[in-house]
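# Structural description and commentary
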Amino acid sequence: MRYVSVLYQGKKALGVRESKGIRIIGEESLEDLLARGVSLKNYGGTFKEGVVVAEQDVTYLPPLSRPPKIICVGLNYADHTKESNFVQPDYPTLFFRVNTSLVAHAQPMIRPAVKDSEGLDFEGEIAAVIGKGGRHIAPADALEHVAGYSLFNDGSVREYQFKTPQWTVGKNFDGTGAFGPDLVTADELPAGAKGLRLETILNGEEVQSASTDEMVFDIATVISIVSQAITLEPGDVIVTGTPSGIGWARSPKLLMKAGDVCEVRVEGIGTLRNVIMDEAR
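Everything in this summary refers to the structure shown in the same document. Treat the numbers as computed from the prediction; the structure is a model and nothing was measured.

### A short note on the nonpolar core
- Ranked by size, the top nonpolar core spans 44 residues in total, and within it Tyr149, Ile223, Met256 and Ile269 carry the most contacts.
- Of all the secondary-structure elements, those providing two or more residues to this core are β6 (70-74), β10 (124-130), β11 (146-154), β14 (197-202), β15 (205-211), α5 (219-229), β17 (261-266) and β18 (270-278).
- Considering each element in turn, this core owes the most residues, 5 residues, to α5.
- Core analysis: the second largest hydrophobic core is formed by 26 residues, Met1, Leu34, Val38 and Val237 among them.

### Some points on the state of the cysteines
- As enumerated under the stated definition, the model contains 0 disulfides in all.
- With no disulfide partner, cysteine 262 has as its closest neighbouring cysteine sulfur the one in cysteine 72, 16 Å distant.

### Focus on the pairing of β11
- Of all 9 residues in β11, 9 are buried; the element is thus mostly enclosed.
- Pairing between β11 and strand β13 (residues 183-185): 2 bridges, direction antiparallel. Looking at β13, one finds that glycine 148 is bridged to threonine 185.
- In the sheet, β11 pairs with strand β12 (residues 177-179) via 3 bridges, with the strands oriented antiparallel. Paired with asparagine 153 across the bridge in β12 is alanine 178.

### Re the pattern of salt bridges
- Scanning the entire structure with this criterion turns up 17 salt bridges.
- Put simply, Arg97, Asp121, Glu123, Asp154, Arg158 and Lys171 are held in one network by salt bridges that share partners.

### A closer look at α5
- Most of α5 sits inside the fold, with 8 of its 11 residues counted as buried.
- Taken together, the buried positions of α5 are Ile219, Ala220, Val222, Ile223, Ser224, Ile225, Val226 and Ser227.
- On its buried side, α5 packs onto β6, β7 (93-97), β10, β11 and β16 (237-239).

### Section: the side chain of aspartate 182
- Looking at where aspartate 182 falls in the secondary structure, it is placed in the loop between β12 and β13.
- The class for aspartate 182 is buried, based on a relative accessible area of 3%.
- In terms of polar contacts, aspartate 182 uses its side chain to reach the side chain of arginine 2, at 3.0 Å.
- In terms of polar contacts, aspartate 182 uses its side chain to reach the side chain of arginine 17, at 2.7 Å.
- Residues within four places of aspartate 182 in sequence aside, it is in contact with Arg2, Tyr3, Val4, Arg17, Pro63, Tyr149, Ser150 and Ile269.

### Re the sheet that holds β17
- Across the sheet, which stays open at both edges, the 5 strands sit in the order β9-β18-β17-β14-β15 with mixed pairing between neighbours. At either end of the open sheet lies a strand with only one pairing partner, and these are β9 (109-111) and β15. Each strand of the sheet is rotated relative to its neighbour by a mean of 20°, with strand direction disregarded.
- Sheet topology places β9 next to β18; 3 bridges connect them, and they run parallel. In the strand pairing of β18, arginine 111 is matched with aspartate 278.

Definitions and limits used
Residues numbered from 1 in each chain as written. Predicted model: local features only at pLDDT ≥ 70, side-chain atom pairs only at ≥ 80, totals over all residues. Heavy atoms only, no water. Core = buried A, V, L, I, M, F, W, Y, C linked by side-chain atoms within 4.5 Å. Buried < 20%, exposed > 50% of the residue type's maximum accessible area, 1.4 Å probe, protein only. Helix = DSSP H or I, 4+ residues; strand = E, 2+ residues; numbered from the N terminus. Disulfide = S-S within 2.5 Å. Pairing = 2+ DSSP bridges. Salt bridge = Lys/Arg side-chain N within 4 Å of Asp/Glu carboxyl O. Contact = heavy atoms within 4.5 Å. Polar contact = N/O pair within 3.5 Å; in protein donor to acceptor, adjacent residues only side chain to side chain. Axes fitted to C-alpha atoms, helices over the stretch in contact; angles between N-to-C directions.

Geometric descriptors of this kind do not, in isolation, establish any biological role.
Listed below in structure tokens is the structure:
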């Protein structure tokens, strides 16, 4: 089942992607459905009478616009750790994103209006959405807590990311975290989204490509480790890390500017596409 959150006829709506278009199934958000314990695996298939609309008739929203938590994993592909001149840690490097940093598929990613930044860097990633919360989750049980998967572009303002040892500011400028378009339920993908090809395409050129098998800490391990300290809640989003190829590590640097088009693609999940726009001054 593939869910999309959209604006349709001026109202927020939840849809299911079908071969003929998007079936509108109601106004209840994915956050609300997950919070009240609804299993997404078959839920969308029970709405046979909903209107089916064309993609051009809706405006995409992030699959979850206000998830309880957005937990990101840094340095989770060894080649990316190496290109970033870090030593590979033996514990996941975790940081948080905030809801106001999110932007939907087909909406602009915003290059911030700050004087001491050259541009916005790309990081194609897979996001796991928690369906069942918990604490002290065993690795063997962790994937049972995943409702589904989506795509993420962890747009990073590197100069601000590295102003201090904490990466928070550079990872949280408004409109820099692209998320979507679909939430694909876990049953439609290999367990833990393993063995999938993750690619980032900038202006038609491939800039990142890796298998999800290359994650240092797989999704089950990340969920288990996070839950040792933090209670996971339905609707939490875990952004699982990016492979090598980032623009900041290149010589010369390859950073996104206004008018650029960035796509994140993962087989079985889809394509997240955004145009870069300068922040209004």
